[in-house]
Amino acid sequence: MPIAFVAGATGTLGGLIVESLRRRDVQVRALVRPGNAEGRQALDGRPGVEVVEGDIRDSVDSLGRTLDGVGVVISAVLGDADVIVDGQVNLLRAAEKAGVARFIPSDFSYDLFRLDPDDNAYSNLRLEAHKAFGESPVAVTSVLPGAFLDVVHQPYFEHVDWEAGTFSYWGDGDQPIEFTSYADTAEWTAEVALDPTPGPTVRVAADILTTRGLHQTLERASGRRLEPRRLGGLDDLKAEIERRKAGSTNVFDYLALQYAWVMNTGKASFDRLDNDRYPGVEPTRAEEFYRRALNS
Ligand SMILES: NC(=O)c1ccc[n+]([C@@H]2O[C@H](COP(=O)([O-])OP(=O)(O)OC[C@H]3O[C@@H](n4cnc5c(N)ncnc54)[C@H](OP(=O)(O)O)[C@@H]3O)[C@@H](O)[C@H]2O)c1
């Protein structure tokens, strides 16, 4: 079996992908950035894992030297345009030179291919990367798992205020939204890495919930009442995004609201699910996920 190369192996998703690949007995080559001693230590010496140092913004030649014998390159990096666009293009070019068969870019979201450039700044970086990938002899496959259950209840997403005991939302809350955990995304990514013919996109989801459903699920799982607070319609949400954008040069001031807008309009919802193609993955549904996450 050829080696799987993981860029972003020291990150949350990348680390889980390494584990999912090893559970399937796949040899892993993990890219660790120079100077990341802690990340290196977590991977060094693990059976079946070879650590190589580098940065995906390194030259194509130097990256290419780390790809000898690699069958699939998985990118789970996170960053700005220099990483998501330039770095990933670099990595793909190196993969082309090394004769790699497949590249899984760091997309891991809703169906970003249905979005317009202004809809979400981070999704748009990924769209720009795909444009720059161009025609490639390496087959590019995006794994699309919807929103991560692990993050949507965190304060940054502005839904749940555990201290105030409130659940805030925009719109009518009735749009079905696809959700998956980091761990199940890693499991599906490992399956896709081993799939000889996954096609250009794989859409999976552990659960589909409306925002109202998410609210009820969080209440049941936490055993706490969260007072619902409707903040306005989706047009009001769009106006709030523009208001924050106008007063800021920091994308994180409005990025969470851009995710909320995309998810609640259904603009990037899936038109099919590929769960059945991978019966080896038994995903954890939202209520079970939150029972464990909120009560541990
Ligand atoms: N759908 C969702 O709701 C959702 C939620 C969260 C994340 N995601 C997606 O999941 C993916 C991974 O996110 P994450 O949360 O796992 O990120 P993370 O924990 O921040 O990990 C990012 C990884 O990228 C590495 N990296 C950054 N720049 C690099 C470079 N120039 N060269 C090589 N490696 C580099 C980091 O290395 P260092 O350790 O050295 O910094 C780290 O290993 C991203 O595409 C993200 O958008 C999706």
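Residues numbered from 1 in each chain as written. Predicted model: local features only at pLDDT ≥ 70, side-chain atom pairs only at ≥ 80, totals over all residues. Heavy atoms only, no water.

Looking up the protein chain in an unreviewed UniProt entry gives the name NmrA family NAD(P)-binding protein, with the organism given as Actinophytocola gossypii.

Can you help me understand the pairing of strand β10 (residues 166-170) in this one?
Two faces, one strand: in a regular strand the side chains alternate between the faces of the sheet. With five of five residues buried, β10 is to be regarded as a mostly interior element. Hairpin connection of strand β9 (residues 160-161) to β10: four residues between the antiparallel strands, including G165 at a positive phi of 70 degrees. Of the strand pairs in this sheet, β10 and strand β14 (residues 227-232) are connected by five bridges, and their pairing is parallel. Paired with T166 across the bridge in β14 is E227. (Buried < 20%, exposed > 50% of the residue type's maximum accessible area, 1.4 Å probe, protein only. Helix = DSSP H or I, 4+ residues; strand = E, 2+ residues; numbered from the N terminus. Pairing = 2+ DSSP bridges.)

What's the story with the domain arrangement of the protein chain in this structure? I'm lost.
For an interface, size is often stated in terms of accessible area lost upon the parts coming together. Partitioning the protein chain into structural domains gives domain 1 (3-144 + 181-203) and domain 2 (148-177 + 208-270 + 281-294). Measuring from the centre of the C-alpha atoms in domain 1 to the corresponding centre in domain 2 gives 27 Å. Domain 1 puts 24 residues into the contact, and the matching count from domain 2 is 24 residues. Carbon and sulfur atoms make up 63% of the area that domain 1 and domain 2 hide from each other, which totals about 2000 Å². Where domain 1 packs against domain 2, one counts three salt bridges. The salt bridge partner of D116 is K267, with a shortest N-O separation of 2.6 Å. (Domains from an automatic or database assignment. Contact = heavy atoms within 4.5 Å. Buried area = accessible area lost by both parts, 1.4 Å probe. Salt bridge = Lys/Arg side-chain N within 4 Å of Asp/Glu carboxyl O.)

Hey, could you run me through the sheet that holds strand β3 (residues 49-53) in this one?
For sheets, the rule is that strands pair by backbone hydrogen bonds, running either parallel or antiparallel. Pairing within the open sheet is parallel, and its six strands lie in the order β3-β2-β1-β4-β5-β6. The open sheet has two edge strands with one neighbour each: β3 and β6 (139-140). Pairing of strand β2 (residues 28-32) with β3, which is carried by five bridges, proceeds in the parallel orientation. In the sheet register, V32 faces β3, and the bridge partner there is E53. Together, β1 (3-7), β4 (70-75), β5 (102-104) and β6 form the strand contacts of helix α4 (residues 81-98), whose direction differs from that of β4 by roughly 175 degrees. (Axes fitted to C-alpha atoms, helices over the stretch in contact; angles between N-to-C directions.)

Got a minute to help me understand the site of the ligand in this structure?
Neighbouring residues of the ligand: 23 residues in total, closest T10, R33, S106, F148 and Y182. A distance of 3.0 Å is found between a nitrogen atom of the ligand and a backbone nitrogen or oxygen belonging to F108. Within the side chain of R126, one N or O atom sits 3.1 Å away from an oxygen atom of the ligand. Against a free-state accessible area of 930 Å², the protein chains account for coverage of 82% of the ligand. Elements with a minimum of two residues in the shell around the ligand: α1 (12-23) and β8 (147-148). Looking at the shell around the ligand residue by residue, the class counts come to 11 nonpolar, eight polar and four charged. (Near = heavy atom within 4 Å. Polar contact = N/O pair within 3.5 Å; in protein donor to acceptor, adjacent residues only side chain to side chain. Areas by Shrake-Rupley, 256 points an atom, 1.4 Å probe, with all protein chains shown as cover. Nonpolar A, V, L, I, M, F, W, Y, C, P; charged D, E, K, R; others polar.)

Teacher, can you tell me more about the side chain of S75 here?
Note on placement: S75 falls in strand β4. For S75, a relative accessible area of 0% translates into the label buried. A polar contact is formed between the side chain of S75 and the side chain of Q88, at a distance of 2.7 Å.

Please clarify how the pattern of salt bridges should be interpreted in this entry.
Oppositely charged side chains may form a pair once their charged atoms are brought near each other. Here the structure, examined in full by the defined rule, presents 29 salt bridges. Across the salt bridge formed by E240 and R244, the nearest N and O atoms sit 2.9 Å from each other. Remark: R244 and E240 occur in helix α9 (residues 234-246); sequence separation between them is four residues, near one turn of the helix. Look at the salt bridges and you will find they share partners, linking R23, R24, E187 and E191 into a network.

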